[in-house]
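Below are the chains, spelled out letter by letter.
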Amino acid sequence: MTDLLVIGGGAAGLMAAGAACARGLTVTVLEHNPKGPGQKLLITGKGRCNLTSDSDVREFLPYVRRNGRFLYSSLYAFPPSAAMELFETLGVPLKTERGRRVFPQSDRAADVLAALRDYARDAEFVRGSAKKLLIEDGVCKGAVTDRGEAYRAAHTLIATGGISYPVTGSDGSGYALLQDLGHSCTPLYPALVQLTSSSKYPRKLKGQRTRAAVAVTLDGETVAESQGEVLFTDYGLSGIAVMDVSWAVGQNFARPRPQKCCAVLDLVPEWSENQLLSYLRQFGSLRGILSAEVTEILKKQAAGDPARLVQIAKHWQLIVTGTKGYAFAQITGGGVPRRELEGFASRRVPGLYIVGEVLDEQQPCGGYNLNFAFYSGLAAAGQMVEKRNDTSK
């Protein structure tokens with residue numbers, strides 16, 4: 001029997017395995033992808049791996065949509081600075097770029113994965129899928145694989161991830177394993193994903209980027225807001241600001257009866273309507289502020305009315321028909337609720353731990369989700385060591 005069985009070799013699973021090995025636990029990692037663990041990690045940040053954000057916890061928290069109390073404590077326990085220090089210790093020099101995004105100096109996600117694999121070098125890696133968890137006297141004691149092999153362990157950690165980027169091996173198997181044991185799962189939806197639109201204007205502006213404030217409205221009510229880069233595409237909208245509000249769109253279209261959804265763009269968020277109107281009256285056009293193509297579209301929509309033109313520029317409404325789906329989503333929204341855990345230990349099944357994306361914990365673009373994945377793996381390993389020390393007294 002091993003001390004820890006990790007099911008899923010992604011960011012959270014590898015971090016948990018490495019931290020557990022470093023604390024003297026014996027570890028087995030079960031990973032079903034024939035290419036090996038960490039395949040999704042290799043494509044994060046367009047292959048460069050934006051592994052955290054170089055920001056203070058107080059700056060980080062305003063970006064957290066919910067579960068702020070839990071993340072307040074978790075971020076103080078493992079702030080972005082701690083993540084950066086850990087990877088530097090593991091031999092990955094880092095750099096900070098625009099938006100305080102932290103990348104390896106090599107610009108290679110493969111170097112981050114190699115460091116995690118080396119951190120967990122004392123673990124045994126086994127190829128296979130967990131088909132059911134072993135429960136003995138109400139305690140989780142490991143898992144049985146798709147080949148019928150049983151792996152017994154004092155602690156079992158579910159780090160199977162979500163169902164986004166299925167080409168990397170994400171298949172959502174962890175949700176079923178946990179639901180079989182009585183855990184619940186909030187509705188799943190694609191998040192940090194591009195939005196589709198039936199409007200003709202994004203197609204006309206295909207390839208153009210702008211900085212804007214973006215709001216998502218459902219039946220006219222604003223439910224999500226962000227600010228940053230917006231990219232117009234042939235299918236709709238992309239860019240960091242769009243990705244950050246996409247959770248609301250994903251949630252909406254996962255419902256049996258979705259509400260009418262729109263993206264409302266403030267194309268000049270730094271200016272008030274009065275300032276913009278004064279500029280327009282002085283210079284006769286917004287071409288000094290917006291691109292010629294955008295200006296022409298807004299001008300036609302306003303039908304020659306300057307006040308209407310400014311209003312549209314500050315509240316440009318585009319119909320949203322959905323998202324690009326799990327195949328393009330960076331993360332999966334929804335999952336096991338935090339209330340069913342004590343730290344990262346299951347409240348329902350002793351010996352069972354749940355970390356990473358399989359939890360109902362989703363954060364904005366910029367390295368925040370990987371920071372949480374790393375933290376959850378480290379914290380779960382720490383809980384196991386504490387449990388072992390308590391039982392040995």
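Note that the coordinates shown come from a computational prediction; the quantities given were computed from them, not determined experimentally. (Residues numbered from 1 in each chain as written. Predicted model: local features only at pLDDT ≥ 70, side-chain atom pairs only at ≥ 80, totals over all residues. Heavy atoms only, no water.)

Engineer: Please clarify how the sheet that holds strand E13 (residues 221–232) should be interpreted in this entry.
Structural biologist: Hydrogen bonds between backbone atoms are what pair the strands of a sheet, whose relative direction is either parallel or antiparallel. Taken together, the six strands give a closed barrel; going around it, the order is E11-E14-E13-E12-E15-E16, and neighbouring strands pair in antiparallel fashion. Strand after strand, the sheet turns through a mean of 45° between neighbouring axes, direction not considered. By the bridge criterion, 10 bridges tie strand E12 (residues 209–218) to E13 in an arrangement that is antiparallel. When the bridges of E13 are listed, Ala212 appears paired with Gly228. (Pairing = 2+ DSSP bridges. Helix = DSSP H or I, 4+ residues; strand = E, 2+ residues; numbered from the N terminus. Axes fitted to C-alpha atoms, helices over the stretch in contact; angles between N-to-C directions.)

Engineer: Is there a simple way to explain the sheet that holds strand E3 (residues 52–53) in this structure?
Structural biologist: The three strands lie next to each other as E3-E5-E4, forming an open sheet whose pairing is antiparallel. This sheet does not close on itself; its edge strands, each paired only once, are E3 and strand E4 (94–97). By the bridge criterion, four bridges tie E4 to strand E5 (residues 101–104) in an arrangement that is antiparallel. Pairing of Leu94 across the sheet is with Pro104, part of E5.

Engineer: Explanation requested: the packing of helix H9 (residues 273–283) against helix H11 (residues 306–314) in the structure shown.
Structural biologist: For any two helices packed against each other, one specifies the inter-axial angle together with the distance between the axes. The N-to-C vectors of H9 and H11 enclose an angle of 130°; their axes lie 9 Å apart at closest approach. In this view, H9 runs oblique relative to H11, as classed from their interaxial angle. Note on packing geometry: the crossing formed by H9 with H11 is right-handed. Of H11, the residues touching H9 (which contributes Glu273, Leu276, Leu277 and Leu280) are Pro306, Ala307, Leu309, Val310, Gln311, Ala313 and Lys314. (Parallel < 35°, antiparallel > 145°, perpendicular 65-115°, else oblique. Left-handed = near helix turned anticlockwise from the far one by under 90°. Contact = heavy atoms within 4.5 Å.)

Engineer: Explanation requested: the nonpolar core in the structure shown.
Structural biologist: Across soluble globular proteins, you tend to see nonpolar side chains buried next to one another. Val27, Leu51, Phe87, Leu157, Phe344 and Phe374 are the most contacted members of the largest nonpolar core, which has 71 residues in total. Looking at this core element by element, the count peaks at 11 residues for helix H12 (residues 368–392). Beyond its immediate chain neighbours, meaning those up to four positions away, Phe87 contacts Met15, Leu51, Val92, Leu94, Val112, Leu116 and Phe374. If you look at the next biggest cluster of nonpolar residues, it comprises 45 residues, including Leu192, Val242, Leu267 and Leu309. (Core = buried A, V, L, I, M, F, W, Y, C linked by side-chain atoms within 4.5 Å. Buried < 20%, exposed > 50% of the residue type's maximum accessible area, 1.4 Å probe, protein only.)

Engineer: How do you make sense of the packing of helix H10 (residues 292–302) against H11 when you look at a structure like this?
Structural biologist: Where H10 meets H11, the axes come as close as 8 Å, and the angle between the chain directions of the two elements is 125°. The angle between the axes of H10 and H11 places the two elements in the oblique class. Note that H10 runs across H11; the crossing there is right-handed. The segment H10 lies against H11, with Leu298, Lys299, Gln301 and Ala302 engaging Arg308, Leu309, Ile312 and Ala313. Each residue belonging to the contact of H10 with H11 can be placed in one class, and the counts come to five nonpolar, one polar and two charged. (Nonpolar A, V, L, I, M, F, W, Y, C, P; charged D, E, K, R; others polar.)

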